[in-house]
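What follows is the residue order along each chain.
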Amino acid sequence: MPFAGETEIISQGQRWQGKNLTRQPWFHPLLLLVWLALGIALRFTNLTLKPLWVDEFSTIVFGLGNSYRTIPLDQAINSITLLQPLRPDPGAGIDRVIHHLLSESNHPPIYFILTHLWLRLFPPEDGLVSIWAARSLGALLGAASIPAVFGLGWLAFRSQRVGQMAAAMMAVSPYGIFLAQEARHYPLAILWVIASLCCFVVATRALNHRTPLPIWVGLTWIGVNSLGIATHYFFALTLCAEGLALLIQGIQQSRREKGAWLHPCWRRIYAVAVGTLAGGLVWLPVWQPIYGSELTQWIYSSDRTRWEWLEPLPRFLFDWITMFSLLPVDAAALPIVIASALGMLVFLLWALPMVRRGLKVWRDGLKATPETRLAINVLGGFVLAVWALFFCFTYALDVDLTRSPRYHFIYFPGMVVLLGASLVACWNPSISTARTKWVAVERQASAPPAKMGGKKAVVLIWLMGLVSGLTVVGNLGYQRYERPALLVNRIQAASQVPVLIAMTHRTHGQTGSLMGIALEFKHRDRADHSASLPQFLLADQGSDTSTATRTLQQTLAEMPRPLDLWLVKFKAPVELADQKCIADSQAPDPAWMTGYDYQLYHCSHW
C-alpha cells in the first residue's frame, strides 16, 4: 500500500514528465509529422473515387496545353473524338497552356502551368491522362497546408501548441480534404492565403509596436499577393479583408494619437499596398471580358424572389459548419441523412459556445498579453471582414459567392487558426504554471475550466473532424452534383439499340459535362468490351435556340435506325415528330438524383 501522499507525488511526477516531454526539441516536429502523415493518408485515400466534374476537365485540358475547340460541334462524334483533349501531347508547351487558357477560359495561369509540369511526370492510362495524377498535385498541396497552418498559428500566438492544434484540425478538416481531392487550384490558393496572413500578422504587430515593417517581409508580401491573384482572382478578397482589418487598426490608432496615418511605420504598408495593386492590375485586361461572360453567368442572382433572397444565408451557414463537421448528409438512405443533419446541429450547439469562450480566454482571460489580444482581434477581424464582403457581393452586387463552397478558401486558414487557439485554451485553461495567478484570474474569468469542457471535449471535437474527413473520403459528403455513373446505368438499362446523347452547347462547361458521361462509358468498355459505345452531339445553341433544334433534326436524319436519343441538359425546343422519335413512357429520374435533366426518345425505322 502506498504511504500517505505517495499518490499525489506520483501524480505530480507524471505531470512533470508530461510537461518535460513537450519541451523536448524533437517533440513538436515529431507531432507535426504525425498530423502530416494523417493528412496525406486522408487526402490520397480514394483519390479517384469521385467522377471528374466540369471544372476539373478544364484544369486537365488546359493543363495539358490542349483546347476544347478541337471538338467538332453540330455533328455526331464518338467518344474517342470527344475525349481527345484528355490525351497528352508531347509537343505542347507552357506557351500553349497560357494561350488556350486565356483565350477560352477565365482563370489565371499559375496552377495550370504547375499542372502541365506535373502531368509530364506520369504516363497516360489507356491513352488518356491519369485521373490520379491530375488530382495528386492538389492532394499534395493540400497536405502542405498542414505544416503551413502550424507556422501561422505559431507566428500569430507565439505558441507551438496553437500551431499543433491548428495543424491537427487542418489534417482532418472535411473542407480541406474536399478541396485537396480535386484537380483544381484551391489548395495552392490556400497556401498563398496562409503566407499572406503570416505577413499580415507581422505587419499588424509592427504597427502595434510602432516599428517599420522589415523590407524583406514587405517584398515577400507583395510577391505572395501577386502569386495569389495569379492563382485565383478571388484571392483579391483576402487582400481586401486584410486591408479592412488594417484600416480598423489605423482608425483605432488615430483616435489615440494624432497623425498616426503619417507615422513612418505606415509608409511601408502603403508601399506593400501599391506593389500588390500593381501585381493585380496586370490582370485587368483579362478581368474585363470575364464580367457578364457566359462562363460566369451561373453566379449572378438578379431578379430573385423573396424566398430566393434568403437562400444564401443557410448555404453560407452550412458551408461554414462543414469546414470542421460533416456527417453522411449525402448518403442514399434518408434516415441516415436526417440523423446526420440533426447530429451536426447538436454538435454545433454544443461546441460553438465552448469555442467562443476559448477565444475569450486568449483575449481577456488567462495570461492574456497584448500580442495574443492582437492576434485574436486581427484574425477575428479578418474573418468578419471576409464575411461582410461575401454578403456585400451577394446582396449589393448580385454576385452570389455562397453558391459554391469552394470560395470559402479565402478565409479558411484564419478559421483553422482561431479554432486551434480556442481548443488550446480549452485543453489547458490556465496556460500558466503559476497556480496563484490562475486563482486570481479565475474569479474574474467568464469561462472557468469546468465549463470549457477540458481535454475530453477537445478530443471529441477532433474526432468529429476525423469522422467528417472519412465522410468525404467515403463519398458520403461533398458529392458531385453530376453523377454520370447513375445516368449511364439508366442508359444501359433502358437502351438495347444504338444511342445518341445530345446536349446543347454554350461554353466548354457543357463540353466537360458531356465528357464526364463519355469517360464513364469508356471505363466500362475497358472492363466489358462487349458493351456498345454511344455517339455524342454538341448542338451549338448560339444566340438563337432554334439553331440547336435544327442541328438535332439534321443529325437524326443522317443516323441509322433504330436509335435511342437521349437529350441530356438540352436547352432548346424539341420538335421530333417528323423524325419518328417518340418520348419514352417511363418518367425520367429527377435531376437531383443524377445531376442531369434528361429525356429518352425511341426513334424507329423510316
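Predicted model only: the values in this text are computed from it and were never measured.

Cut-offs and rules
- Residues numbered from 1 in each chain as written.
- Predicted model: local features only at pLDDT ≥ 70, side-chain atom pairs only at ≥ 80, totals over all residues.
- Heavy atoms only, no water.
- Axes fitted to C-alpha atoms, helices over the stretch in contact; angles between N-to-C directions.
- Helix = DSSP H or I, 4+ residues; strand = E, 2+ residues; numbered from the N terminus.
- Parallel < 35°, antiparallel > 145°, perpendicular 65-115°, else oblique.
- Left-handed = near helix turned anticlockwise from the far one by under 90°.
- Contact = heavy atoms within 4.5 Å.
- Nonpolar A, V, L, I, M, F, W, Y, C, P; charged D, E, K, R; others polar.
- Phe/Tyr/Trp six-rings, centres within 6.5 Å; stacked < 30°, edge-to-face > 60°.
- Buried < 20%, exposed > 50% of the residue type's maximum accessible area, 1.4 Å probe, protein only.
- Salt bridge = Lys/Arg side-chain N within 4 Å of Asp/Glu carboxyl O.
- Patch = residues over 30% accessible without salt bridge, like charges linked within 9 Å, V, L, I, M, F, W, Y side chains within 5 Å.
- Areas by Shrake-Rupley, 256 points an atom, 1.4 Å probe, with all protein chains shown as cover.
- Pairing = 2+ DSSP bridges.

1. Structural notes on the packing of helix α17 (residues 370–396) against helix α18 (residues 412–427)
- It is the contact of α17 with α18, at a shortest axis distance of 10 Å, that shows an interaxial angle of 140 degrees. Between α17 and α18, the angle falls in the class oblique. Here the hand of the crossing between α17 and α18 comes out left-handed. Counted together, I376, L379, G380, V383 and W387 of α17 and G414, M415, V417 and L418 of α18 form the full contact between these two elements.
- Partitioned by chemical class, the residues of the contact of α17 with α18 number 7 nonpolar, 2 polar and no charged.

2. Section: the packing of helix α2 (residues 27–44) against helix α7 (residues 131–157)
- Where α2 meets α7, the axes come as close as 9 Å, and the angle between the chain directions of the two elements is 155 degrees. It follows that α2 is roughly antiparallel to α7 by the angle criterion. Like other packed secondary-structure pairs, α2 and α7 cross with a definite hand, here right-handed. Facing α2, whose interface residues are L32, W35, L36, G39, I40, R43 and F44, α7 presents W132, S136, A139, L140, G142, A143, I146, P147 and F150.
- Residues of the contact of α2 with α7, tallied by class, amount to 12 nonpolar, 3 polar and 1 charged.

3. Notes on the packing of aromatic side chains
- Counted by the stated rule, this structure contains 26 aromatic pairs.
- Taken together, a centroid distance of 6.4 Å and an interplanar angle of 50 degrees make the contact between F200 and F382 tilted. With a gap of 182 residues between them, F200 in helix α10 (residues 186–209) and F382 in helix α17 connect regions that are remote in the sequence. In this structure, F200 and F382 share a single accessibility class: buried.
- Centroid distance F390 to Y411: 6.2 Å. Interplanar angle 90 degrees. Geometry classified as edge-to-face. One end of the pair, F390, is in helix α17; the other, Y411, is in the loop between α17 and α18, with 21 residues separating them in the sequence. By the burial criterion, F390 is buried, and Y411 matches it.
- Through successive ring pairs, a cluster of aromatic residues spans F316, W320, W387, F390, F391, Y395 and Y411.

4. Regarding the pattern of salt bridges
- Applying the stated criterion across every chain yields a total of 16 salt bridges.
- R315 serves as the salt-bridge partner of E311, at 3.5 Å between the closest nitrogen and oxygen.
- For R315, a relative accessible area of 25% puts it in the partly exposed group.
- K571 is the partner of D597 in a salt bridge, and the nearest nitrogen-oxygen pair spans 3.6 Å. Linking D597 in the loop between α25 (591–594) and β6 (598–603) with K571 in the loop between β4 (563–568) and β5 (581–583), this pair joins segments that are 26 residues apart in sequence.
- When its relative accessible area of 47% is taken as the criterion, K571 is described as partly exposed.

5. Some remarks on a nonpolar patch on the surface
- Taken together, L244, L247, I251, W261, L262 and Y270 make up a surface patch of nonpolar side chains, about 540 Å² in accessible area.
- A per-element tally of the nonpolar patch places helix α12 (residues 235–256) first, with 3 residues.
- With respect to the element layout, L247 can be found in helix α12.

6. Considerations on unusual backbone geometry
- The amide bond that connects R561 to the next residue, P562, takes the cis arrangement and shows omega of 0 degrees.
- By secondary structure assignment, the location of P562 is in the loop between α24 (545–558) and β4.
- Even without being a glycine, D126 presents a positive backbone phi close to 55 degrees.
- Take D126: it is sitting in the loop between α6 (110–119) and α7.
- Take D126: its relative accessible area is 46%, and that puts it in the partly exposed class.

7. Description of the pairing of β6
- When β4 meets β6, the two strands line up antiparallel, connected through 6 bridges. Within the sheet, the bridge partner assigned to L565 lies in β6 and is Y601.
- Judged from the 3 bridges that link them, β5 and β6 form a sheet pairing that is antiparallel. In the strand pairing of β6, A583 is matched with Y601.

8. Comments concerning the pairing of strand β2 (residues 499–505)
- Most of β2 sits inside the fold, with 7 of its 7 residues counted as buried.
- Of the two faces of β2, the one holding V499, I501, M503 and H505 and the one holding L500, A502 and T504 are both buried throughout.
- Pairing between β2 and β4: 4 bridges, direction parallel. Bridging across to β4, V499 finds its partner in D564.
- Sheet topology note: the β2/strand β3 (residues 535–540) ladder contains 6 bridges and is parallel.

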